There are 4 protein chains.
Amino acid sequence: MADHDHEHKQQQESTDGAALQINQNHALSRTMMSFNLVLQKLPHLTDYLLPSASSRHDLMVIPNPMDRNEFYRPFHGFYVSDTDVILRRILYDLELAGSISPGDVVDVLAYHRAGPRSQIYLDPNVAVRAAIVTCGGLCPGMNTVIRELVVGLWELYGVRQIFGVPAGYMGFYSMNPIPLHLHTVHDWHKRGGTLLQTSRGGFDLHNIVDSIQRQGFNQVYIIGGDGTMRGALKIFNEICRRKLNIAVTGLPKTVDNDIGIIDRSFGFQTAVEIAQQAISAAHVEAESAVNGIGLVKLMGRSTGHIALHATLSSRDVDCCLIPENDFYLYGKGGLFEFLEQRLKKNGHVVVVVAEGAGQDLIPRTDAQKEERDESGNPVFLDVGSWLKSELNNWWSRDHPGELFTVKLIDPTYMVRAVPANATDNLYCTLLAHSAIHGIMAGYTGFVSGPINGNYAYIPLAEVAEAKNAVNTKDHKWAWVRSVTNQPDFENK
Amino acid sequence: MADHDHEHKQQQESTDGAALQINQNHALSRTMMSFNLVLQKLPHLTDYLLPSASSRHDLMVIPNPMDRNEFYRPFHGFYVSDTDVILRRILYDLELAGSISPGDVVDVLAYHRAGPRSQIYLDPNVAVRAAIVTCGGLCPGMNTVIRELVVGLWELYGVRQIFGVPAGYMGFYSMNPIPLHLHTVHDWHKRGGTLLQTSRGGFDLHNIVDSIQRQGFNQVYIIGGDGTMRGALKIFNEICRRKLNIAVTGLPKTVDNDIGIIDRSFGFQTAVEIAQQAISAAHVEAESAVNGIGLVKLMGRSTGHIALHATLSSRDVDCCLIPENDFYLYGKGGLFEFLEQRLKKNGHVVVVVAEGAGQDLIPRTDAQKEERDESGNPVFLDVGSWLKSELNNWWSRDHPGELFTVKLIDPTYMVRAVPANATDNLYCTLLAHSAIHGIMAGYTGFVSGPINGNYAYIPLAEVAEAKNAVNTKDHKWAWVRSVTNQPDFENK
Amino acid sequence: MADHDHEHKQQQESTDGAALQINQNHALSRTMMSFNLVLQKLPHLTDYLLPSASSRHDLMVIPNPMDRNEFYRPFHGFYVSDTDVILRRILYDLELAGSISPGDVVDVLAYHRAGPRSQIYLDPNVAVRAAIVTCGGLCPGMNTVIRELVVGLWELYGVRQIFGVPAGYMGFYSMNPIPLHLHTVHDWHKRGGTLLQTSRGGFDLHNIVDSIQRQGFNQVYIIGGDGTMRGALKIFNEICRRKLNIAVTGLPKTVDNDIGIIDRSFGFQTAVEIAQQAISAAHVEAESAVNGIGLVKLMGRSTGHIALHATLSSRDVDCCLIPENDFYLYGKGGLFEFLEQRLKKNGHVVVVVAEGAGQDLIPRTDAQKEERDESGNPVFLDVGSWLKSELNNWWSRDHPGELFTVKLIDPTYMVRAVPANATDNLYCTLLAHSAIHGIMAGYTGFVSGPINGNYAYIPLAEVAEAKNAVNTKDHKWAWVRSVTNQPDFENK
Amino acid sequence: MADHDHEHKQQQESTDGAALQINQNHALSRTMMSFNLVLQKLPHLTDYLLPSASSRHDLMVIPNPMDRNEFYRPFHGFYVSDTDVILRRILYDLELAGSISPGDVVDVLAYHRAGPRSQIYLDPNVAVRAAIVTCGGLCPGMNTVIRELVVGLWELYGVRQIFGVPAGYMGFYSMNPIPLHLHTVHDWHKRGGTLLQTSRGGFDLHNIVDSIQRQGFNQVYIIGGDGTMRGALKIFNEICRRKLNIAVTGLPKTVDNDIGIIDRSFGFQTAVEIAQQAISAAHVEAESAVNGIGLVKLMGRSTGHIALHATLSSRDVDCCLIPENDFYLYGKGGLFEFLEQRLKKNGHVVVVVAEGAGQDLIPRTDAQKEERDESGNPVFLDVGSWLKSELNNWWSRDHPGELFTVKLIDPTYMVRAVPANATDNLYCTLLAHSAIHGIMAGYTGFVSGPINGNYAYIPLAEVAEAKNAVNTKDHKWAWVRSVTNQPDFENK
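All of these numbers come straight from a predicted model, not from anything done at the bench. (Residues numbered from 1 in each chain as written. Chains lettered and ligands numbered in written order. Predicted model: local features only at pLDDT ≥ 70, side-chain atom pairs only at ≥ 80, totals over all residues. Heavy atoms only, no water.)

Turning to the sheet that holds strand β14 (residues 348-354) of chain A, a few remarks are in order. All names here are of chain A. Spatially, the 4 strands line up as an open sheet ordered β13-β14-β12-β15, and their pairing is parallel. Edge strands, defined here as strands with exactly one partner in the open sheet, are β13 (319-321) and β15 (405-409). Neighbour-to-neighbour, the strand axes of this sheet turn through a mean angle of 15°, independent of strand direction. Pairing analysis gives 3 bridges linking β13 to β14, with the strands arranged parallel. Opposite C319, over in β14, you have V351 as the bridge partner. Sheet strands in contact with helix α10 (residues 335-346) are β12 (292-298), β13 and β14, and its direction is about 145° off that of β14. Here helix α12 (residues 383-398) sits on the sheet in contact with β12, β13, β14 and β15, set at roughly 160° to β12. (Pairing = 2+ DSSP bridges. Helix = DSSP H or I, 4+ residues; strand = E, 2+ residues; numbered from the N terminus. Axes fitted to C-alpha atoms, helices over the stretch in contact; angles between N-to-C directions. Contact = heavy atoms within 4.5 Å.)

Structure, rendered in structure tokens:
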């Protein structure tokens, strides 16, 4: 949607130059830059298969069935062409640009825009057999994505063989797929969680690809986080190796917003909304006590996006602690000095801490030092209860006998389990339709997602590697911190 | 925030080229394009004033007081420089690009990024006297913007003379300004409406500028819609003419999202959320009746953004009618034919209509033909009750004796009056801080707002002219319509 | 539930007298009163049928199947006996009591308590065939009632033949019943409206009873308002006349809370919650304008309960106008004098008006004077838009040129269409289970509902007549008005 | 409000006997019972003080100032008389009644109705100086009660000296009271928590009464739980002992609803609403996993009211564990056998556990056995994490290798911290006004609260002792359990 608006404005300005003439009364300075638009190529079934029509299951090229819709007709410009691209980088420093010598050329990545193509590569009426699977933890909007995949395949392309693979990756080889009818998914976008069920782990590459082949799926939609995307990449690679007529696409799901390249992940805005409500509750608890501290632990193992956004949304937060920014408790410039000052000034404080923050500060038992999670990383300790305990220790030592209350709120499961809000529901809808259009066009091994507000196709290989951390050395972060006015923990 | 993420990724890629190397296994195609980055110049107080320090009220240049913050220190890269820019156009068609002859150069507009500058132009401790005014109708987030202007001025720049001008433009010359203390605005971001009060009209240029001068304001923050922005431009021009040391900035407020250039306006996401609730209620009413029609009239006089976004968010809508797309009732391809089919299929339908849609279809009395609104345009007639009546006529004619129910819901005032949701609260916060940093840096006659996800400064003159309509000839709109699967009303 | 608590306390006190001894330090005064507990007898199938077992469809007497539940066993006291009663009148004036001569006896109505009986009158495994129908307008909680009827019949009594009659009374003879399985209704309690569909009118007594007989229904659950209850009474009487083995029960549904005897109707608390939100929006609009008036029109044709409760809940209301209390606009003690004073004092006012208020004040055209609604009463005119117009007239006459804004909010359909809140969901659950237990026990022609907090059975004939108006001559209403501090419109 | 409706109906029936005649076609059976209405006498200032007027601070008798209200006039019946009473017991078993011998008389407790009296005992314009204090944990509605005390005193009685005592009991002697103006509390009813701040403990009787005396308070409003009420009783007794012209009233606040006699406590309905949302989240988590268990820990140390009501409201709960009903994990009829069956049937289960349930089952360390809370009782252990761990043990033992997920949700602080919903806001409003009217009438040592839906005055001494447990031996509880269909844990 935002997408549309952008383009509209930009088209206008390129067509008639109107925007440029509006400000004729203001001087415009010009800086010449030469760009190479480097197009991020997408894998396509024709990379290893030749279209033919000896069998109705073969790769073939037919016109998009939307041409035959009863109520509207694709006009000129309805279909997106393969030469429609989106720039990834939009921020530049002209000073640096100015220092580039005239012959220099700056490489800029460009991605294919998402949307329906005029030609598709399988006849949806006879040949398409689609599988949808959800993996990993819950995130608002999962059911909307599933629903829209079903509705889009059914109504736009006439596909009737659509299946849900239950319980994550292991469902491919250990459970029966669930037929998904238009009526089955009718109101799923209003429900939290995933009605396909989900699980972690269970990734058994050859078992999965064998099962996909055996069950005759030729479109596989995989919804999950970064681990899931790495699994999807392996499935895609194995399918390529076997030269199968099966297209694979990933739909990135991460409530933490820690997947790179795309603007943000679905469910994230909803998560921030609920996190903000938890902060409000903490604020009420803090305000209602003498020297009250409201402590909110939010999701975010490697990144502090939810904590950061909820902090800026709620404006009740005195200090926001995220994994990307080390902090310390005692001493000059430390957390407790700051809290002491705020308590004196306002009588209460609210602290938000992302679950991955402060992991280096929490003492570990020998057993905990050895313990590893499923991915082989040291396990996370509970920063919320540790910090609550440290706060109580600090106060009883420095202010014996004085009233003090710490209330710890952990809204994690409520954040994960709610239905998506309007913004995220719209996102999930466009995301699912992007994925369908891409896969119908014969693309495979790709991911859909918004880049600078426009839906694009990105190679799965690229997304599986990209991270999205909060960059605390950037002037944008610094600016954000100036809003909260909290310490930078940069020096003692 | 999204802002931050983008930049981070882009900085990385420009620094170390990592992103480019991820996909070494995929061929990258390159297309050379030469751009002129045309920087949209901003008006600045020094355009007509010379800095000096003969009086403490003179324009002077001093370091940003954030340098002296107790808890954190601006590091290298904290301040935004005047050469940091954002590209406006990010969508290109490579085919066209390829056809450009080697020597051709494409002009691309670039805007100054928002953020704190290392030098400011007035000593906030002694000289700044800021006025904030809200004009026009209500919109979620107005109080958050006011609050953040006060909090940002107070805490980041140490300003203490901050005033609210009550009741819109007329308040400048007919009412006493209200002193706004940090404590006054404490919880305003949790309240709907505007605690400064607002009004329409009352724009008396010379009276306003005289009053600003007389009351000693040297920073004027004007929150309002497109009419208000045109007024702000006149105030700015008059101040330039008088060569006054007064900076003016506009903060665009339009629940309809009809202001151009910026990605979207504040309060819009909240409005869509509430609109979606009204659609849910209409859906319930429709489902609970035999041949039930839920009809929802949403805001949007010249643009259908709320209707469109709420339709895509809710997925309960069968047909969405907007001002940008003509429609007709009877005959082949018409609304009633479509509704008839949907009623037969599902037993009920939901129709969303933007208030500006179908104005040409509604019969006007002679009096109504003459009637003009405050801006001289023909008055809007109530499309909701007209359409309800037409629906009843149609049915009783074509289906006499059959049950039929139309329920009309108009959630307008509830949409306008709620507090901003988390997403919009964050937007309002960054918007207000952007405005403060810009005005402290000596810019004037400008507007703050997000462009492709990054906060930028835009000349007021440009914003006052720009429109943001839904472009129904674009392939994005077509795609969107394919989601709802509704008629295009293109032919009979 | 509240029910339970009461009884518990009362049982305690009757058993061990503990409550009486708590206050031994306070003098207790005693007043002797003699009561006749007049038990409101309920119609029962055995009033006109003799139990026998010649056919499995005959009236028979068998033990309650809950005796055989797998996980719990009915202990002594589990079943409610026919001698368990609830007093209707609980308020007395001792002075009057004292003046009663010794031999006098006061009649007090008592009702049978709701709950499972140890013996039932039809074998649910083989013979029960239940029909559920919803009539009239929407009300929060209808789907919960339907769901709980299905779940209760299915799980507690093992009934498997449960049908929904679609589209109200006419559905009996013009549509096919919908089989309702446990899975069908799984999540209906989370959805607004009625998934059985509803309609008004269509009451054709003999057609309906014939259809009931023909389709073999022997339990009929009728959900609807006062008109529907009068229809249910006729159906019951006709069934008695035909001496059929069919039990009929009414579940009163009225969002206006205008049905008598019961404490309140389901959905009412939810309606007040949503109405309060509309008042909040109106308050925001009023506060944000100069001389702003927020005008909220709420449901309530003959009674002002929603208006009254929402007024007391929200505390933002300056004046609440209800059908039971006449008002006038101009002159001493009139509405405008009062509003003028409030505007002067606070700068804004909020007015709530029930849709049935002020009908005598609104001028009617000759056509409108003749027009009657389906029940033959004069049609209601829109008091909201009339009052808005009168307010504008008043102001422009008395305060020409002064700013003034009236915003009218009508949340009607949103109030009707939301799902029930927790309080109402619990109510609907206990209501449905009460109805099932009663009908299984052979009662017929009755209604379930809370009396003084305890669920009771009431003859349908009594409920069909009873009204629940706000008594403005009572000292409770006067007290309520003292909270809002509004005029009594008692004199000029 | 409900209050009003009852009375209205009852008045009607006693006046004209109409209700009795409605059902002339049904036989009415009559059972004679003789009652002694035993009036629960309230303490009154005149119990130990004589009215006089030698000083303006003396006890005096003057007409209620509401007589002089500008906009309405107390009509006949406006004021409540001391002979207006409410029956406490409304449930009877006629069989037992019938067995009473003719001369026997049943004692029934009756309470004074709340409401304004025609005469008051202090001149509010000159002499009243009121103190309001909040003690103990948070509960939705506290701020509404405070606000309405201020508004009611100010607007109805013209009191201007109203003070908030900060931070609970200790605030009387260690902090300065906060003057509360009408404007101060303007929007407090929309905010959670208590803006007066609260604390536990700090009860120092003589210090408190000395301070009350020294600061000249003559009305003391104490908001708190059962411990607080016992403290209030001591304060009242000490004031009696000193024969001071100071009236004391308690406003019972307990989110657990564990205070006896009154129907329910304020904030309880709101708590159930939020608890239901947590259950919904747990249900989503459970449904989205393979063998998923959603475990929700709710408030309720000695009583299971919140757990019970939320279970019945949400209908997603398979088993509800409360302190009043012992349970066991393993073996026949145990929890795990039941859960196993439900998992097999539905694939997931939801369990709700009140914090006080199962305390006997949780193993205690020696230290924990010794540990006592502030009241000398054994400390509560965390039943939530214990049960989660036991569930995991059970499953991994009985179902090694099978997928299983337990998600534990503890919404405690979010439940406590939200603002009151409409139902509770109305409750708080009528509660506060009841308290004011009572204290103005010279009553002291009393509590206000609803009895069978009508607001009454109850001696503080009685409330301080009364408990409100769920009676699991009552047939109402059994019925409730039949709704959830869960085990009774009565036998192995």
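Turning our eyes to something else, we now look at the pairing of strand β5 (residues 106-113) of chain C. Where a strand is regular, its side chains alternate between the two sheet faces. Residue and element names in this part refer to chain C. Of all 8 residues in β5, 7 are buried, a share of seventy percent or more. Bridging between strand β3 (residues 84-87) and β5 involves 3 bridges; their strand directions are antiparallel. Looking at the pairing, V85 lines up with H112 of β5. Sheet topology note: the β5/strand β17 (residues 454-459) ladder contains 2 bridges and is antiparallel. Bridge assignment links H112 to a residue of β17, and that residue is Y457. (Buried < 20%, exposed > 50% of the residue type's maximum accessible area, 1.4 Å probe, protein only.)

So, about the side chain of D:N257. Relative to the helices and strands, D:N257 is located in the loop between β11 (247-252) and α8 (268-287). According to the relative accessible area criterion, D:N257 is buried, its value standing at 1%.

What follows is about the UniProt feature "active site" (unreviewed entry) in chain A. All names here are of chain A. Here the UniProt-annotated "active site" (unreviewed entry) positions come out as D256. Structurally, D256 is set in the loop between β11 (247-252) and α8 (268-287). We classify D256 as buried; its relative accessible area is 10%. (UniProt positions renumbered as here; feature names shortened; annotations may be inferred.)

Spanning 20 residues, α8(D) covers 28 Å between terminal C-alpha atoms, matching the ideal 28 Å at 1.5 Å per step. With 18 of 20 residues buried, α8(D) is to be regarded as a mostly interior element. (Expected span 1.5 Å × (residues − 1).)

Residue and element names in this part refer to chain C. Taken across its 10 residues, helix α9 (residues 305-314) has 10 buried, putting it largely inside the fold. For α9, the full list of buried residues reads H305, I306, A307, L308, H309, A310, T311, L312, S313 and S314. Immediately beyond the C-terminal end of α9, within one or two residues, lies R315, with a positive phi of roughly 60°.

Attention shifts here to the packing of aromatic side chains. All names here are of chain C. A full pass over the atoms with the stated rule returns 60 aromatic pairs over all chains. With centroids separated by 4.7 Å and ring planes inclined at 10°, the aromatic side chains of F336 and W394 adopt a geometry described as stacked. Here F336, found in helix α10 (residues 335-346), pairs with W394, found in helix α12 (residues 383-398); they are 58 residues apart in sequence, far enough to count as distant. This pair shows no difference in class: F336 is buried, exactly as W394 is. Seen in terms of ring centroids, Y443 and F446 are 6.3 Å apart; in terms of plane orientation they differ by 70°. Their pairing is edge-to-face. (Phe/Tyr/Trp six-rings, centres within 6.5 Å; stacked < 30°, edge-to-face > 60°.)

Residue and element names in this part refer to chain A. Here the UniProt-annotated "binding site: substrate" (unreviewed entry) positions come out as T254, V255, D256, M299, G300, R301, E355, Y413, M414, V415 and R416. One can find V255 in the loop between β11 and α8. Classification of V255 by relative accessible area gives buried; the value is 4%. Excluding its chain neighbours within four sequence positions, the residues that come into contact with V255 are C139, P140, G267, F268, A271, M299, I306 and R416.

So, on to the packing of helix α4 (residues 142-157) of chain B against helix α14 (residues 422-440) of chain B. Residues and elements named next belong to chain B. Remark: α4 packs on α14, axes separated minimally by 8 Å, with the N-to-C direction vectors making an angle of 50°. Compared by their axis directions, α4 and α14 come out oblique. Read as a crossing pair, α4 and α14 show a hand that is right-handed. Residues T144, V145, E148, L149, G152, L153, L156 and Y157 of α4 touch α14, and the partners they reach there are N425, C428, T429, L431, A432, H433, A435, I436, H437 and M440. (Parallel < 35°, antiparallel > 145°, perpendicular 65-115°, else oblique. Left-handed = near helix turned anticlockwise from the far one by under 90°.)

Turning to the environment of B:M33, a few remarks are in order. Along the chain, B:M33 turns up in strand β1 (residues 28-40). With 72 residues separating them in the primary sequence, B:M33 and B:V105 have C-alpha atoms 7.5 Å apart.

Let us look at the sheet that holds strand β13 (residues 319-321) of chain B. Through backbone hydrogen bonds, the strands of a sheet pair up, either in parallel or in antiparallel fashion. All names here are of chain B. Pairing is parallel in the open sheet, where 4 strands are placed in the order β13-β14-β12-β15. Every other strand in the sheet has two partners, leaving β13 and β15 (405-409) as the edge strands with one partner each. The sheet shows a mean angle of 15° between the axes of neighbouring strands, taken without regard to direction. Here strand β12 (residues 292-298) runs beside strand β14 (residues 348-354); their pairing, made up of 7 bridges, is parallel. Each residue of the ladder has a partner; that of G292, found in β14, is H348. Where helix α12 (residues 383-398) meets the sheet, its contacts fall on β12, β13, β14 and β15, and the angle it forms with β12 comes to roughly 160°.

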